[in-house]
Amino acid sequence: MSSPGDAPRRVLFCGVGAVGSTTVMLCRNLPVELAFVDFDRVEGKNLLSQAFVKQSVGRNKAQALATQLRNFHGVKAVHFGVRLTEANVDELCGTADLLVDCFDNIASRQLLSAWARQHDTPLVHAGLAADGTFGLVRWDERFAPDAEDEEGQATCEGGEHLPFIGLLSAALARTVQAWLDNGDRHDRLVNLNQVT
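Below, the structure is looked at part by part.

Rules and cut-offs
Residues numbered from 1 in each chain as written. Predicted model: local features only at pLDDT ≥ 70, side-chain atom pairs only at ≥ 80, totals over all residues. Heavy atoms only, no water. Pairing = 2+ DSSP bridges. Helix = DSSP H or I, 4+ residues; strand = E, 2+ residues; numbered from the N terminus. Axes fitted to C-alpha atoms, helices over the stretch in contact; angles between N-to-C directions. Contact = heavy atoms within 4.5 Å. Expected span 1.5 Å × (residues − 1). Buried < 20%, exposed > 50% of the residue type's maximum accessible area, 1.4 Å probe, protein only. Polar contact = N/O pair within 3.5 Å; in protein donor to acceptor, adjacent residues only side chain to side chain. Right-handed = clockwise from strand over helix to strand, strands pointing away. Phe/Tyr/Trp six-rings, centres within 6.5 Å; stacked < 30°, edge-to-face > 60°. Lys NZ or Arg CZ within 6 Å of the ring centre and 35° of its normal. Core = buried A, V, L, I, M, F, W, Y, C linked by side-chain atoms within 4.5 Å. Parallel < 35°, antiparallel > 145°, perpendicular 65-115°, else oblique. Left-handed = near helix turned anticlockwise from the far one by under 90°. Nonpolar A, V, L, I, M, F, W, Y, C, P; charged D, E, K, R; others polar.

Moving on, we come to the sheet that holds strand 1 (residues 10-14). Taking strand neighbours across the sheet as the criterion, the seven strands line up as 3-2-1-4-5-6-7 in an open arrangement whose pairing is mixed. With partners counted over all chains shown, the strands left at the sheet margins are strand 3 (77-80) and strand 7 (188-191), one partner each. Pairwise comparison of adjacent strand axes, ignoring direction, gives a mean angle of 15° for this sheet. Sheet topology places strand 6 (residues 134-139) next to strand 7; four bridges connect them, and they run antiparallel. When the bridges of strand 7 are listed, G135 appears paired with V190. The sheet contacts of helix 1 (residues 18-26) involve strand 1, strand 2 (33-37) and strand 5 (123-128), and relative to strand 1 the element is tilted by about 155°. In the packing of helix 5 (residues 162-182) onto the sheet, contacts are made with strand 1, strand 4 (98-101), strand 5, strand 6 and strand 7, and the angle to strand 6 comes to roughly 15°.

Written as structure tokens, this is what we have:
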């Protein structure tokens, strides 16, 4: 726990698509410095399932989310509009107290996991099954990235899983909050009937 006068802890969200952007919005009042990394741009179709507004279309997702937080909620956030790679992972993740993986591809998840394990940095993963039937929030020490059904497979296109994205994002936000409060590292399984 930080004491008065200490810099706030930094939570770095890696990927701010459907799950990442929604979770960030739910974490906006936490006593931390929020930071995001995402190279992608907001497209019109993203408005159906992600926390972006129409004015953000065409902008980098990390930058757009930081702008929205500042303009609508008065919350400052750090943003990196780049792809996480081996060349920049030290720079991007090195100042984070907690890493939150909301990537939608196995290569990025594996890179993040390897870095977190090497540097003993807490990392929590979140993901939604491609068919929208379940989601997982799992701490890295109990996480093994599985192969994707199809490389780059979209899981949140068209907004059809929007209520479920909200459930998973709420479970992830609560997990981040519990870790900040007392170091708790419980995993969560979210399905259409329950959150465990």
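That was the structure; now back to the text.
This next bit is on helix 4 (residues 106-119). In this model helix 4 runs 20 Å from its N-terminal to its C-terminal C-alpha over 14 residues, within 8% of the 20 Å that 1.5 Å per residue would give. Along helix 4, the residues classified as buried are S108, R109, L111, L112, S113, W115 and A116. Measuring from the side-chain oxygen of the N-cap residue of helix 4 to the backbone nitrogen of A107 gives 3.4 Å; that N-cap residue is N105. Once helix 4 ends, the next one or two residues include D120, with phi positive near 55°.

Moving on, we come to the pairing of strand 2. Of all five residues that make up strand 2, four are buried, and the element is covered over most of its length. Sheet topology note: the strand 1/strand 2 ladder contains five bridges and is parallel. Within the sheet, the bridge partner assigned to R10 lies in strand 2 and is E33. For the handedness criterion, the β-α-β arrangement of strand 1, helix 1 and strand 2 is classed as right-handed. Where strand 2 and strand 3 come together, four bridges link them in parallel fashion. Bridging from a neighbouring strand, A35 pairs with V78 of strand 3. With respect to chirality, the unit in which strand 2 leads through helix 2 (residues 61-73) into the neighbouring parallel strand 3 is right-handed.

The residue D120 is not glycine, and still its phi comes out positive at about 55°. In this fold, D120 is placed in the loop between helix 4 and strand 5.

Taken as a whole, this structure holds zero aromatic pairs when the rule is applied. Between R83 and the ring centre of F39, over which it is positioned, the NZ or CZ distance is 3.8 Å.

So, on to the nonpolar core. Nonpolar side chains tend toward joint burial in soluble globular proteins. With 38 residues, the main nonpolar core has F13, L34, F36, V100, L172 and V176 as its most contacted residues. For this core, the secondary-structure elements that each account for two or more residues are strand 1, helix 1, strand 2, helix 2, strand 4, strand 5, strand 6 and helix 5. Per element, the largest residue contribution to this core is nine residues, and it comes from helix 5. Look past the residues within four positions of V176 in its chain and what remains in contact with it is V11, C27, L30, L98 and V100. With 16 residues, the next largest nonpolar core counts V89, L112, W115 and A116 among its residues.

Moving on, we come to helix 1. Taken across its nine residues, helix 1 has eight buried, putting it largely inside the fold. Inspection of helix 1 places A18, V19, G20, S21, T22, T23, V24 and M25 among the buried residues, and these make up the whole buried set.

Here we take up the packing of helix 1 against helix 5. Where helix 1 contacts helix 5, the axes come no closer than 8 Å and their chain directions differ by 55°. Taken as axis vectors, helix 1 and helix 5 run oblique relative to one another. Considering the relative orientation of helix 1 and helix 5, their crossing is right-handed. Side by side, helix 1 and helix 5 meet where A18, V19, T22, T23 and L26 of the first sit next to I165, L168, S169, A170, L172 and A173 of the second. The residue inventory of the contact of helix 1 with helix 5, partitioned by class, reads eight nonpolar, three polar and no charged.

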